[in-house]
Amino acid sequence: MVVDAGTYALHLQATAYLASLRSRGCSLNTERAYAGRVALYLNYCQDRGIDWTAPGFLQLAGLQRWLISEPLAPRSRQRPPLEPRFRSPGTANAVMTVVSGFLRFGAVHGWVTAETVAVLSEPKQLFHLPPGYDPGETGQLRTVEAAAFRFALTDPGYQDLSHEQIAAMIALAGRARDRFLIALLACTGLRIGEALGLRRSDMHLLASSRLLGCGTDGPHLHVHRRTDNPNGALAKSRRSRTVPVTADLVALYADYQYERDTAGPAADNEMVFVNLFRAPLGRAMSYPNTKDLFDRLARAATHPFRPHMLRHSAATAWLRGGVDRDVVQRLLGHASPLSMERYRHVDDTETREAVERVQALREHS
């Protein structure tokens, strides 16, 4: 929920917008992030005497500039104080996207003026079409409505980890549960919400699961979207899918089960990932718990380490290994093939191999 900064009264319009996200099946993490961005916008308007229901073009442009020029509050653990931190253009774009969505939602309900909605987008001509996009027979669909308040960004350079780096992170994790979690994400490409939402009944790790009523051969797991997980974990895709796993991952799961069975109340929870080392013991592991774990490992390794990097690493490894894109798409749970574009990274080794391959062909011709 969002409350007024001065009176702490519930902000009805903002709370209704968040409820609309919930009704669309968005995850708790999405709702939490959107709440913070809406509150940021409302505070900005209140501090400057702007009517949040009727901001003009210049006022929204001012908000966009402010997002990247206003220093962020220092982290409480910073000692001594470091250089001021600023939001990146990408973060500013994310905030402006939520603000635009909130204002459009308000317009539908009669809270926001039509004049405000009119300045949120502008026509854009598509000169370079994305793969699979149909511009129409006469090119009439080349003109689309684009966000008016958006910084131009270069390729974000999605980070992935090498096999050696992942092995090193598993070695750094001192507990069987944490080793299994890292290896699971790297092996299957699951999103962190999908992993935290796994239940024991989803783990079909024998050579045959026919006694469980499952006809899929070999060790595998099932990913289901559930809205009643006690930790709020939610699979992004609405489609259930089956993901094969390796014998090495099965062995790590067995180690984790031994560790878990000695942790008292944790043994009875149906969720796969549970608290073993901090209160409340046995409760389903949460997003903040997982972030703390990855942050600790990143500090120990002195390089970035986030759950989604393991998903990118799995996808990149599959594609470089020659796995068909349709198969990778199914493994990752993407509904659209366009979502696959972000995973294919060309590295220096591949470019050198390409040049040397052509040179070798010329020398033998």
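Our subject is the structure listed above.
For clarity, every value in this text was computed on a predicted model and none was experimentally measured.

Caption draft 1: How the structure looks around the overall build of the protein. Across its full length, the protein holds 13 helices and five strands. Of all intrachain contacts in the protein linking residues separated by at least 6 positions in sequence, the fraction that spans at least 24 positions is 56%. Summed over its atoms, the accessible surface of the protein is roughly 21000 Å², and 55% of this surface lies on carbon and sulfur atoms.

Caption draft 2: Spotlight on the packing of helix 1 (residues 12–23) against helix 4 (residues 89–108). In the contact formed by helix 1 and helix 4, the axes pass within 10 Å of each other and the chain directions differ by 105 degrees. By the criterion of interaxial angle, the relationship of helix 1 to helix 4 is roughly perpendicular. Judged by residue contacts, Q13, A14, A16, Y17 and S20 of helix 1 engage V98, G101, F102 and F105 from helix 4. Its residues assigned to classes, the contact of helix 1 with helix 4 comprises six nonpolar, three polar and no charged.

Caption draft 3: How the structure looks around the sheet that holds strand 3 (residues 203–204). Taken together, the three strands give an open sheet; going across it, the order is 3-4-5, and neighbouring strands pair in antiparallel fashion. Looking at the sheet topology across the chains shown, the edges are occupied by strand 3 and strand 5 (241–244). Bridging between strand 4 (residues 220–223) and strand 5 involves four bridges; their strand directions are antiparallel. Bridging from a neighbouring strand, L221 pairs with V243 of strand 5.

Caption draft 4: Just the pattern of salt bridges, in detail. The final tally for this structure, using the stated rule, is nine salt bridges. Taking the shortest distance from any N to any O, the salt bridge between E194 and R191 comes out at 3.0 Å. Taking relative accessible area as the criterion, E194 reaches 3% and is therefore assigned buried. Residue R191 is classed as buried on the basis of its relative accessible area, which comes to 12%. D228 is the partner of R199 in a salt bridge, and the nearest nitrogen-oxygen pair spans 3.1 Å. Placement of R199 in the loop between helix 8 (192–196) and strand 3 and of D228 in the loop between strand 4 and strand 5 is noted, with a sequence separation of 29 residues between them. You can call R199 buried: its relative accessible area is 17%. Among the residues examined, D228 registers a relative accessible area of 53% and is labelled exposed.

The rules behind the values
- Residues numbered from 1 in each chain as written.
- Predicted model: local features only at pLDDT ≥ 70, side-chain atom pairs only at ≥ 80, totals over all residues.
- Heavy atoms only, no water.
- Helix = DSSP H or I, 4+ residues; strand = E, 2+ residues; numbered from the N terminus.
- Contact = heavy atoms within 4.5 Å.
- Areas by Shrake-Rupley, 256 points an atom, 1.4 Å probe, with all protein chains shown as cover.
- Axes fitted to C-alpha atoms, helices over the stretch in contact; angles between N-to-C directions.
- Parallel < 35°, antiparallel > 145°, perpendicular 65-115°, else oblique.
- Nonpolar A, V, L, I, M, F, W, Y, C, P; charged D, E, K, R; others polar.
- Pairing = 2+ DSSP bridges.
- Salt bridge = Lys/Arg side-chain N within 4 Å of Asp/Glu carboxyl O.
- Buried < 20%, exposed > 50% of the residue type's maximum accessible area, 1.4 Å probe, protein only.

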